[in-house]
Amino acid sequence: MASPPPGQQTEQPHLVSLVLQSKKALQHGQQLCSKANSLSNASAQCSLDVLTLDAKVKWITEAVLEQLKLAANVAKSIEHKRAQLDKQVKAWDVVRSQRTEALDNILESLGAQLVPPGFHQTSSGSSLFGSQHSIDSKNGNVFNAQQSPSATVRDNPFDRRGKNADRTKWKTLRDFVDESAIENVLDTLESDRTRLDDIMASTYDYPETLSAAISSIRESLPSSSDVPSIEDILNAQQQPSELMARHLSSLTSHYEQMADALKESEAGEIFGEEDLQDMNRDTEELPSIMAELEEQALSIEDTHRQLVTAKTAAQERLATQSISLDNLDELGEIMSDMLQKQQDVENECQELLDGLQERLLIVEDLHHRFIQYQTSFKKLLVEIGRRRHYKEAVEKVVEGMILHLRVMTEEERQVREDFNAKHGQHIPEDICLCIENPPTRWEVVPREGDVRESLPEVASDLLAQAEEKLAAADVSSAGTESV
C-alpha cells in the first residue's frame, strides 16, 4: 500500500467501526445459522415422527375399514333376513285375503239363500246347522258336524203360499250361522297379525341404524391427503440452508479481512482511498446479506412449523382414531345385540306365522263347510221336492185304491142283494148264515205307529234354482277332474 497523504490519517479510525459492524453481522449470522441448523435437525426428527404417526393412522384406518366392511355385511344380512320375513308375511297376507274373501263370498251367498218358513221352527234356539253356541276353540268348529241339515225339517203346517208369498220376512241360511263365532275367529286372526307387525317393528330400524353408525365412523376417519409431502418440505429447507451457509461463509471472510485490515492499520499500515472505498462498499452490503439470511431463516422456520403442524395433526388424527376404535367396539357390541334380537324376532315371528297358518286352515275349513252346508241345503230342497212327488204318487195310488174298493164293494153288495132276493126265501135260515152278510168295506191307512208324512212347501222357483245351481256345480266339478 502507498503512504496516504497527510489529510487521509483522519479516516483510519473508521476501520474499527467497520470491523465492529462485520463482527456484529457475523455473530448475528452465526446465530441465525445455528437456529436454522437446529430447526433443520428438529425438522428431520419431526419428519420421522410424522411418517411414523401417519403409518399408524393408515394401518388403523385400514383395519377399521375392514371391520366396517364386516359390519356392513352384518347390516345387509339383517336386512336380507327382514326381507325374507317380509316376503313370508306378504305371502301369508295374500292367502289370508283370498280365504277371507272366499269366506265373505260364501256368507253373502248364504244370505241370498232363502229358507222357507216350513223348514224351521220359530224358536230362536233352533239352528239349521245345529247349535249356534257350541264351538270347539281348539279346532275352530262353529257347528255340530254330527247334525245333518235335513234333521231340522220339522213337522210344521205346510206353507202353500208358494212363489207369490211375502218372502221379505223369510230367513236365509246366514240367519242360522253363528256370526259371533266367526267374528271371534277373524278377530283372533287380526289380533295375531297385528302382534306380528309389532314384533317385526322392534327391529325395523336396525339396518338403517347400523348403516348410519358405519357411515359416521367411516367419515370420522382421516384421509391420506391430510398429510403434507415430507419430501417437498425437506427439499424446501435444503436450498435456504445452502444459501445461508454461503452467506455465513461470506460474513466470515469479510470479518477476517476487516480484522486483518485493522491489525495492519494498527501496525502503521496506511490504506489508500480505493481500499477504503472497497471496505466501505463491502460493509454496506452487510444489511442486505443479513436481510436475506433472516428471510432464509424464516423460510426454514416456516417449513419447520409446517412439520410441527403436520405432527400435531397426525397426533390429533391418531387420537381421533382411538375414538373411532372405541366407537367400533361399541358398534360390535350393538351388532351382537342386534343379531341376537333379530334371531329372537325371527323365531317368534316364525312361531306366530305357524299359528296364523293354522288359523287360516280354520277359515278355509269354515269356507268349505259353508259350501257343503249350502250344497246340502240345495240338495235338501231337491230331496223335499222328490219326496213330495213320491208322497203325491202314493196318495194317488191310495186314493185310487180306495175308490176302486168302494166301487167293488158297492157292486158286490148289489149282487148279494139280488141273490138273496131271488134265492134267499127258498133256503132254510139255519143253512149258511153268512149268506146274509154284506161285503167287507176296506179302508187304506198308514201302518200302526206311523203317521201321514208332512213335508214343508218348496216354491217351484226355489226348487228350479237349486236344481240349476247343483247341475252347474256338477259340470264345473267334472271339468276340474278332467283337467
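Residues numbered from 1 in each chain as written. Predicted model: local features only at pLDDT ≥ 70, side-chain atom pairs only at ≥ 80, totals over all residues. Heavy atoms only, no water.

If you check an unreviewed UniProt entry, the chain appears there as Autophagy-related protein 17 from Suillus luteus UH-Slu-Lm8-n1. Recorded in UniProt under Sequence similarities (unreviewed entry), the annotation for the chain is "Belongs to the ATG17 family." (UniProt positions renumbered as here; feature names shortened; annotations may be inferred.)

Caption draft 1: Fine view of the overall build of the chain. In terms of regular secondary structure, the chain is built from 7 helices and 2 strands. Ordered by position from N to C terminus, the α and β elements of the chain give α-β-β-α-α-α-α-α-α. A total of 483 residues make up the chain; the buried ones form 34% of that total. Intrachain contacts of the chain at a sequence separation of at least 6 include 95% that bridge at least 24 residues. (Helix = DSSP H or I, 4+ residues; strand = E, 2+ residues; numbered from the N terminus. Buried < 20%, exposed > 50% of the residue type's maximum accessible area, 1.4 Å probe, protein only. Contact = heavy atoms within 4.5 Å.)

Caption draft 2: Representation of the layout of surface pockets within the structure. Computed from the structure, the largest pocket encloses a volume of approximately 420 Å³. Lining the largest pocket are 15 residues, and of these Val394, Glu395, Val398, Pro446 and Arg452 sit closest to its centre. Considering only residue class, the lining of the largest pocket consists of 8 nonpolar, no polar and 7 charged. (1 Å grid on protein atoms, 1.4 Å probe; cavity = no way out; pocket = protein on both sides within 12 Å on 5 of 7 lines; lining within 4 Å. Points joined across faces, edges and corners; volume = space filled by probe spheres on them. Nonpolar A, V, L, I, M, F, W, Y, C, P; charged D, E, K, R; others polar.)

Caption draft 3: Expanded view of the confidence of the model for the chain. Mean pLDDT for the chain: 79, with 80% of residues reaching 70 or above. This stretch, residues 1-13, has a pLDDT under 50; its non-local contacts, to residues over four places away or in other chains, come to 19 contacts. Counting contacts from residues 122-141, a segment whose pLDDT is below 50, to residues more than four positions away or on other chains yields 35 contacts. (pLDDT = per-residue confidence, 0-100.)

Caption draft 4: Just unusual backbone geometry, in detail. A positive phi angle, near 55 degrees, is found at cysteine 432, a position not held by glycine. Overall, cysteine 432 belongs to the partly exposed group, its relative accessible area being 45%.

Caption draft 5: Molecular detail of the pattern of salt bridges. This structure, assessed with the given rule, holds 17 salt bridges. Glutamate 395 is the partner of lysine 391 in a salt bridge, and the nearest nitrogen-oxygen pair spans 2.6 Å. With a gap of 4 residues between them, lysine 391 and glutamate 395 both fall in helix H6 (residues 286-423), about one helical turn apart. The exposure class assigned to lysine 391 is buried, which follows from its relative accessible area of 12%. Salt bridges sharing partners connect three or more residues here, namely Asp93, Arg193 and Asp197. (Salt bridge = Lys/Arg side-chain N within 4 Å of Asp/Glu carboxyl O.)

Caption draft 6: Spotlight on a nonpolar patch on the surface. On the surface, a nonpolar cluster with roughly 300 Å² of combined accessible area is contributed by Phe419, Ile427, Ile431 and Ile435. Summarising the element assignment, isoleucine 427 is placed in the loop between H6 and helix H7 (460-482). Here isoleucine 427 falls in the partly exposed class, since its relative accessible area comes to 33%. (Patch = residues over 30% accessible without salt bridge, like charges linked within 9 Å, V, L, I, M, F, W, Y side chains within 5 Å. Areas by Shrake-Rupley, 256 points an atom, 1.4 Å probe, with all protein chains shown as cover.)

Caption draft 7: The nonpolar core, seen in detail. The biggest cluster of nonpolar side chains holds 39 residues, and the ones touching the most others in it are Leu103, Phe119, Leu196 and Phe370. Of all the secondary structure elements, the ones that give two or more residues to this core are helix H1 (14-112), helix H2 (179-201), H6 and H7. With 14 residues, H6 is the single largest residue contributor to this core. Leaving out residues up to four positions away in the same chain, leucine 196 has contacts with Val89, Cys349, Leu352, Leu353 and Leu356. (Core = buried A, V, L, I, M, F, W, Y, C linked by side-chain atoms within 4.5 Å.)

Caption draft 8: Quick peek at the packing of H1 against helix H3 (residues 206-220). In the contact formed by H1 and H3, the axes pass within 9 Å of each other and the chain directions differ by 165 degrees. Of the possible angle classes, the one that applies to H1 and H3 is roughly antiparallel. Classified by chirality, the crossing of H3 by H1 is left-handed. From H1, Val64, Leu65, Leu68, Ala71, Ala72, Val74, Ala75, Ile78, Glu79 and Arg82 reach across to H3, where they touch Tyr206, Pro207, Leu210, Ser211, Ile214, Ile217 and Arg218. (Axes fitted to C-alpha atoms, helices over the stretch in contact; angles between N-to-C directions. Parallel < 35°, antiparallel > 145°, perpendicular 65-115°, else oblique. Left-handed = near helix turned anticlockwise from the far one by under 90°.)

Caption draft 9: Molecular detail of the packing of H1 against H6. At a minimum axis separation of 5 Å, H1 and H6 run at an interaxial angle of 10 degrees. In terms of their interaxial angle, H1 and H6 are classed as roughly parallel.

Caption draft 10: Here's a closer look at a negative patch on the surface. Taken together, the side chains of Asp326, Asp329, Glu330, Glu333 and Asp337 present a region of like negative charge at the surface. Checked against the element boundaries, glutamate 333 lands in helix H6. (Lys, Arg positive; Asp, Glu negative; His and termini not counted. Charge placed at Lys NZ, Arg CZ, Asp CG, Glu CD.)

Caption draft 11: Here's a closer look at the side chain of asparagine 420. Its location among the elements puts asparagine 420 in helix H6. When near neighbours in sequence (up to four residues on either side) are disregarded, asparagine 420 contacts Gln425, Ile435 and Glu436.

Caption draft 12: Spatial organisation of H2. The terminal C-alpha atoms of H2, which comprises 23 residues, lie 33 Å apart, in line with the 33 Å expected from a rise of 1.5 Å per residue. When H2 is considered as a whole, its buried residues turn out to be Ala181, Ile182, Val185, Leu189, Asp192, Arg193, Leu196, Ile199 and Met200. If you follow the buried residues of H2, they end up packed against H1 and H6. (Expected span 1.5 Å × (residues − 1).)

Caption draft 13: Spatial organisation of the state of the cysteines. In the structure shown here, the tally under the stated rule is 0 disulfides. With no disulfide partner, cysteine 432 has as its closest neighbouring cysteine sulfur the one in cysteine 434, 3.6 Å distant. (Disulfide = S-S within 2.5 Å.)

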